[in-house]
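Okay, here's what each chain looks like letter by letter:
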Amino acid sequence: MTPHDHIPVMCDEVIKLLNPQKNKTYADATFGQGGYSREILSKTNCCVVGIDRDKEAIKYAEIIKKKFKSKFFFKNERFSNIKNIFKNNKVDGITFDLGMSNTQLSSKTRGFSFSNNGSLDMRMGMQKDDELTAKKIINGYSEKQLFYIFRKYGEERNSQKISKAIVSARKNKTITSTYELSRIISNVNKFRNQKKNPSTKIFQALRIFINEELLELESALKSCLKILNKKSKIIVVSFHSLEDRIVKNFFRENSGYSANNYKHLPNLERTSFKPFLKLITKKAIKPSIEEIRQNPRARSAKLRAAEVL
Ligand SMILES: C[S@@+](CC[C@H](N)C(=O)[O-])C[C@H]1O[C@@H](n2cnc3c(N)ncnc32)[C@H](O)[C@@H]1O
């Protein structure tokens, strides 16, 4: 039996908002180790489809399948493909718990964490179209390209200096491990007095770029409007401002939350704007102090939810 060592973030809040009902179908778009799926299925006699691009998730899905049988299905796919996954049935609620699972973070070989010395990989999925690795980027991209990735997806202040240091280091030797990369970053960021590890933002930037995480999220949110039944909930837990901004803007734009958003439209169009969503969380919900104490990974989580009209 595979141990579940990933503590699902804000699980109580997610399930309360989702409010699973008998005979309805729910999508857990970021299955991971299946924390949300298990909880939804335990609440009532409903059906859950778990989705995860990572093959590692399959073994956790098999455990849930054994217990819940025909009430649970798993798709080893990107969630941007959700419209295809649900081309024949509609869904009554969807949850996203973005970021990495503990399976990925604690892997010594996949290179997601600067705390483990692994090879520079960082691919969440290993499908045919997932060919770009951190090693290819770090050793093959120009200084300018590295700078762009670090600035855009990591919002790292020292992006320029770090890109330069990487390009200089790789002249002597191919950079192959997370520790080697971390050492280069730490040498640049050594005078910074910060609570976070000096490599945090660069590792985040590489992971987002390699896995096209922001594009995935934008595309999946749009598709949700096509596959969800009326009164269904979309619930998203995000972990950094780039993700949260996408969710916040998507919810606001589709709910007509801010009348100012439509001031630029001529009167006729403004009055005919028909919102698709109703905001459930006007402000993002944050985890309790107690949850953060028990699961420090939850500290940067933000939950936003909306209902389909
Ligand atoms: C934070 S974990 C989810 C943990 C889960 N809630 C649990 O309780 O175990 C995020 C998961 O989403 C998956 N994921 C991230 N982006 C994805 C995408 N675009 N398509 C499918 N799965 C994705 C990752 O592989 C990872 O397993």
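In short, a report on the structure. Keep in mind that this is a model prediction, so the values were computed, not measured.

## Regarding the pairing of strand β4 (residues 91-97)
- Most of β4 sits out of view: seven of its seven residues are buried.
- Here β4 runs beside strand β5 (residues 228-238); their pairing, made up of six bridges, is parallel. From the neighbouring strand, Thr-95 faces β5, where its bridge partner is Ile-235.

## Re the site of the ligand
- Around the ligand, 22 residues are found, and the nearest of them are Pro-8, Thr-30, Gly-32, Gln-33 and Gly-35.
- In terms of residue class, the shell around the ligand is made up of seven nonpolar, nine polar and six charged.

## Comments concerning helix α12 (residues 241-255)
- Over its 15 residues, α12 runs 21 Å from end to end, which matches the ideal 21 Å to within 8%, given 1.5 Å per residue.
- Within the span of α12, buried status applies to Glu-243, Asp-244, Val-247, Lys-248, Phe-250, Phe-251 and Asn-254. Along α12, the residues classed as buried sweep out an arc of 165° about the axis, all on the same side. α12 presents Ser-241 and Arg-245 as exposed residues on the side facing more than 90 degrees away from its buried surface.
- Residues of α12 that are buried make contact with α11 (213-227), β5, β6 (277-279) and β7 (302-308).
- Of the residues one or two after α12, Gly-256 is the one with positive phi, at around 65°.

## Thoughts on the sheet that holds β5
- Taken in spatial order, the seven strands make up an open sheet running β3-β2-β1-β4-β5-β7-β6, and their pairing is mixed. Both edges of this open sheet fall to β3 (72-75) and β6, since each of them pairs with a single strand only. Neighbour-to-neighbour, the strand axes of the sheet open up by a mean angle of 20°, direction not taken into account.
- Sheet topology places strand β2 (residues 47-51) next to β3; four bridges connect them, and they run parallel. By the bridge assignment for β3, Gly-50 is matched with Phe-74.
- In the packing of helix α1 (residues 11-18) onto the sheet, the strands contacted are β1 (25-28), β4, β5 and β7, and the crossing angle to β5 comes to about 170°.

## Let's talk about the packing of helix α8 (residues 159-172) against helix α9 (residues 178-188)
- Direction vectors running N to C along α8 and α9 enclose 135°, while the axes themselves pass 9 Å from each other. Here α8 is positioned oblique relative to α9, judged by the angle of their axes. Note that α8 runs across α9; the crossing there is right-handed. Between α8 and α9, the residues in contact are Lys-161, Ile-162, Ala-165, Ile-166 and Ala-169 and Ile-184, Ile-185, Asn-187 and Val-188, respectively.
- Classifying every residue of the contact of α8 with α9 by side-chain character gives seven nonpolar, one polar and one charged.

## Concerning unusual backbone geometry
- In this structure, Asn-23 is a non-glycine residue whose phi angle is positive, near 65°.
- Topologically, Asn-23 is positioned in the loop between α1 and β1.
- Judged by C-beta crowding, with 9 C-beta atoms within 10 Å, Asn-23 ranks as exposed.
- Backbone geometry at Lys-231 places phi at a positive 75°, although glycine is not the residue there.
- Mapped onto the elements of the fold, Lys-231 is located in strand β5.
- With 12 C-beta atoms counted inside 10 Å, the residue Lys-231 sits in the exposed group.

## Examining the pairing of β5
- Judged by how many residues are buried, β5 sits mostly within the fold: eight of eleven residues are covered.
- Pairing of β5 with β7, which is carried by six bridges, proceeds in the antiparallel orientation. Paired with Ser-238 across the bridge in β7 is Lys-302.

Cut-offs and rules
- Starting afresh in each chain, residues are numbered from 1 along the sequence in its written order.
- Per-residue local features of the predicted model are confined to residues with pLDDT of at least 70, and side-chain atom pairs are confined, for both listing and counting, to 80 or more; whole-chain, interface and lining totals are unaffected and use all residues.
- The exposure scheme places C-beta atoms from the backbone and then counts, for each residue, the other C-beta atoms within 10 Å of its own, assigning buried at 20 or more, exposed at 12 or fewer, and partly exposed in between.
- Secondary structure is summarised from DSSP: a helix means a run of H or I of at least four residues, a strand means a run of E of at least two, and numbering begins at the N terminus for each.
- Any two strands are treated as partners once DSSP identifies two or more bridges connecting them.
- Near, for a residue, is defined by distance from a backbone-placed C-beta atom to a molecule or strand, with 6 Å as the limit that must not be exceeded.
- Note on residue classes: Ala, Val, Leu, Ile, Met, Phe, Trp, Tyr, Cys and Pro are nonpolar, Asp, Glu, Lys and Arg are charged, and everything else, Gly too, is polar.
- Multiplying 1.5 Å by the residue count of a helix minus one yields the expected span of that helix.
- When we speak of the arc, we mean the arc of directions from the helix axis to the C-beta atoms.
- A pair of residues counts as a contact when their C-beta atoms, built from backbone coordinates, are within 7 Å of each other.
- Axes, fitted as lines to C-alpha atoms, cover a helix only where it is in contact. Angles between the N-to-C directions of the axes lie from 0 to 180 degrees.
- Working rule for angles: under 35 degrees goes down as roughly parallel, over 145 as roughly antiparallel, 65 to 115 as roughly perpendicular, anything else as oblique.
- Handedness of a crossing follows from how the near helix is turned relative to the far one, being left-handed for an anticlockwise turn of less than a right angle and right-handed for a clockwise one.

The analysis is restricted to geometry; functional conclusions fall outside its scope.
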